[in-house]
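Structural features, examined
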Amino acid sequence: MSSVPSGLERPQLVAHVQQPLSYTLFDCKWVPRSARLLCLGSAARGTGVIQLYELRGGRVELLREIEKAKPIKCGTFGATSLQQRYLATGDFDGNLNIWNLEAPEIPVYSVKGHKEIINSIDGVGGLGIGEGAPEIVTGSRDGTVKVWDPRQKDMPVANMEPVQGESKRDCWTVAFGNAYNQEERVVCAGYDNGDIKLFDLKTMSLRWETNIKNGVCSVEFDRKDVNMNKLVATSLEGKFHVFDMRTQHPTKGFASVSEKVQKSTIWQVRHLPQNRDVFMTSGGAGSLHLWKYEYPAQRSKEDSEGAEMGVAGSVSLLQNVTLSTQPISSLDWSPDKKGLCVCGAFDQTLRVLIVTKLNKV
């Protein structure tokens, strides 16, 4: 690990609001361009819950609660415009739904996307995130990863599934990246056996794969709308890996650095929208860790055959805090207010945090 800022300069993670909930919270999201946030989860009687809150001073006020037939596992705003801000959700029954939160009774788009639970969802091409079509990607326990264009009914525009004879692995996490022009776009998927696969949607082919020897809980590119730069993957055993995605070696793939945080699962990674070299991980021990990535002096070098290969940088811990005795399973930075973040834990508590001094790191 490299050096960290001195105690006076270090960011602090301040718990601003704690809101107890009466249901299991699986995902929480800031509503773009607002002081509102969403909670998605499962009620005790097995139905789905969508709650919309507004941050008012030191508290959150419940604006509305919507009940759905099936528990909701994950959500994204990423595939629609800032004018619409429609929410796409994946549920325990494999349904992908898109909701207009102003009129949430009937979904504006709905498809039975998977045979089993949708574990993870991501959107791109909306909210000014990335060029190209407003697509949504879903990853499921059924082993498939599918890309959807809401303008096209019923059928995915891409379907990545195990080849004949290959055992299906539970896909736990998906993320878009490389969406820097109309043509380019990739999807990264992480699986329960440690596989990470990078699908190129332009060529409809598997561009790269590796295995980190442990279930992959969360993957995220540092930015979706730039040439692939960095990818963080977190695992079941308390480790995360940062891959430098700028240079792909023909046989070695992408250079990476890994960091062991704790013994428990790292559930999530989220990059700070205003500084892509700062990211937060959330842990099974109820903790958050704030990290900074430092680039090496040179990001690539030639191997003995003259092929370009990447050089990994290093990671330093800026700050950490323990908030809960239960895992923090969801995490989202405000896209609009630097340092404002929300997290949800299995202690059925929603927490809004303020992270200070981020302009100093």
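Conventions we followed
Residues numbered from 1 in each chain as written. Predicted model: local features only at pLDDT ≥ 70, side-chain atom pairs only at ≥ 80, totals over all residues. Heavy atoms only, no water. Core = buried A, V, L, I, M, F, W, Y, C linked by side-chain atoms within 4.5 Å. Buried < 20%, exposed > 50% of the residue type's maximum accessible area, 1.4 Å probe, protein only. Contact = heavy atoms within 4.5 Å. Pairing = 2+ DSSP bridges. Helix = DSSP H or I, 4+ residues; strand = E, 2+ residues; numbered from the N terminus. Axes fitted to C-alpha atoms, helices over the stretch in contact; angles between N-to-C directions. 1 Å grid on protein atoms, 1.4 Å probe; cavity = no way out; pocket = protein on both sides within 12 Å on 5 of 7 lines; lining within 4 Å. Points joined across faces, edges and corners; volume = space filled by probe spheres on them. Nonpolar A, V, L, I, M, F, W, Y, C, P; charged D, E, K, R; others polar. Salt bridge = Lys/Arg side-chain N within 4 Å of Asp/Glu carboxyl O. Phe/Tyr/Trp six-rings, centres within 6.5 Å; stacked < 30°, edge-to-face > 60°. UniProt positions renumbered as here; feature names shortened; annotations may be inferred.

Brief notes about the nonpolar core
One recurring pattern in soluble globular proteins: nonpolar side chains tend to sit buried together. Of all hydrophobic cores here, the largest spans 19 residues; its most connected members are Met-280, Leu-288, Leu-290 and Trp-333. Excluding its chain neighbours within four sequence positions, the residues that come into contact with Met-280 are Leu-13, Gln-268, Val-269, Arg-270, Leu-288, His-289, Leu-290, Leu-331, Trp-333, Cys-341 and Val-355.

Remarks on the sheet that holds strand E21 (residues 256-260)
Taken in spatial order, the four strands line up as E18-E19-E20-E21 in an open sheet, and their pairing is antiparallel. At either end of the open sheet lies a strand with only one pairing partner, and these are strand E18 (216-221) and E21. Across the sheet, the mean angle separating the axes of adjacent strands is 15° when strand polarity is ignored. For strand E19 (residues 230-235) and strand E20 (residues 239-244), the ladder comprises five bridges, and the chain directions are antiparallel. Counted as the bridge partner of Lys-230 is Asp-244 from E20.

Structural notes on the layout of surface pockets
A volume near 230 Å³ is recorded for the second largest pocket. Around the second largest pocket, the lining is made up of 15 residues, and of these Glu-161, Pro-162, Val-163, Glu-166 and Lys-197 lie nearest the centre. Among the elements that line the lining of the second largest pocket, the one with the most residues is strand E16 (residues 195-200), at three residues. Among the residues forming the lining of the second largest pocket, the class breakdown is six nonpolar, three polar and six charged.

Looking at the environment of Ala-233
Looking at where Ala-233 falls in the secondary structure, it is placed in strand E19. Taking the C-alpha atoms as reference, Ala-233 lies 17 Å from Glu-294; in sequence the two are 61 residues apart. Apart from the residues within four sequence positions on either side, Ala-233 is in contact with Ile-196, Val-216, Ser-218, Val-219, Lys-239, Phe-240, His-241 and Phe-243.

What about the pattern of salt bridges?
Following the criterion strictly, the structure yields 24 salt bridges and no others. A salt bridge links Glu-209 to Lys-197, with the shortest nitrogen-to-oxygen separation between them at 2.9 Å. Note that Glu-209 is positioned in strand E17 (residues 205-211) and Lys-197 in strand E16, a separation of 12 residues in sequence. Across the salt bridge formed by Arg-299 and Asp-244, the nearest N and O atoms sit 2.9 Å from each other. With Arg-299 in the loop between strand E24 (287-294) and strand E25 (300-302) and Asp-244 in strand E20, this residue pair connects regions lying 55 residues apart in the sequence. Judged by relative accessible area, which is 21%, Arg-299 ranks as partly exposed. The class for Asp-244 is buried, based on a relative accessible area of 0%.

A few points about the packing of aromatic side chains
For the coordinates displayed, the defined rule picks out eight aromatic pairs. Relative to Phe-254, the ring of Trp-208 has its centre 4.9 Å away and its plane inclined at 85°; by these criteria the two rings are edge-to-face. Here Trp-208 is found in strand E17, whereas its partner Phe-254 is found in the loop between E20 and E21, with 46 residues between them in sequence. Residues Trp-208 and Phe-254 agree in their burial class; the two are buried. Ring centres 4.8 Å apart and planes at 70° place the aromatic pair Phe-240 and Trp-291 in the edge-to-face group. Taken as a pair, Phe-240 in strand E20 and Trp-291 in strand E24 lie far apart in primary sequence, 51 residues in all. Under the relative-accessibility criterion, Phe-240 is labelled buried at 0%.

Topic: the UniProt feature "repeat: WD" (unreviewed entry) in the protein chain
Those places that UniProt annotates as "repeat: WD" (unreviewed entry) correspond, in this numbering, to residues 136-149. End C-alpha to end C-alpha, residues 136-149 measures 6 Å, and it is 0% helix and 64% strand.

Some words on the pairing of strand E5 (residues 59-68)
When strand E4 (residues 48-56) meets E5, the two strands line up antiparallel, connected through nine bridges. Directly across from Glu-54, in E5, lies its bridge partner Glu-61. In this antiparallel pair of consecutive strands, E4 and E5, the connection spans two residues, and Gly-57 shows a positive phi of 60°.

Observations regarding the pairing of strand E11 (residues 135-140)
Looking along a regular strand, one sees side chains alternate from face to face of the sheet. Among the six residues of E11, six are classified as buried, and the element is accordingly described as predominantly covered. Burial along E11 is two-sided: Glu-135, Val-137 and Gly-139 facing one way and Ile-136, Thr-138 and Ser-140 facing the other are all buried. Direction of pairing for strand E10 (residues 118-124) relative to E11: antiparallel, over a ladder of six bridges. Residue pairing across strands places Ile-118 opposite Ser-140, the latter belonging to E11. The pairing of E11 with strand E12 (residues 145-148) spans four bridges and is classified as antiparallel. Note on E12: the bridge partner recorded for Thr-138 is Lys-146. Hairpin geometry of E11 and E12 is characterised by an intervening segment of four residues between the two adjacent antiparallel strands and by a positive phi of about 90° at Gly-143.

Quick notes on the sheet that holds strand E1 (residues 13-20)
Taken in spatial order, the four strands line up as E1-E30-E29-E28 in an open sheet, and their pairing is antiparallel. The sheet terminates laterally at E1 and strand E28 (328-333), the two strands that pair on one side only. Each adjacent strand pair in this sheet contributes to an overall mean axis angle of 20°, direction not counted. Sheet topology places E1 next to strand E30 (residues 349-355); seven bridges connect them, and they run antiparallel. Directly across from Leu-13, in E30, lies its bridge partner Val-355.

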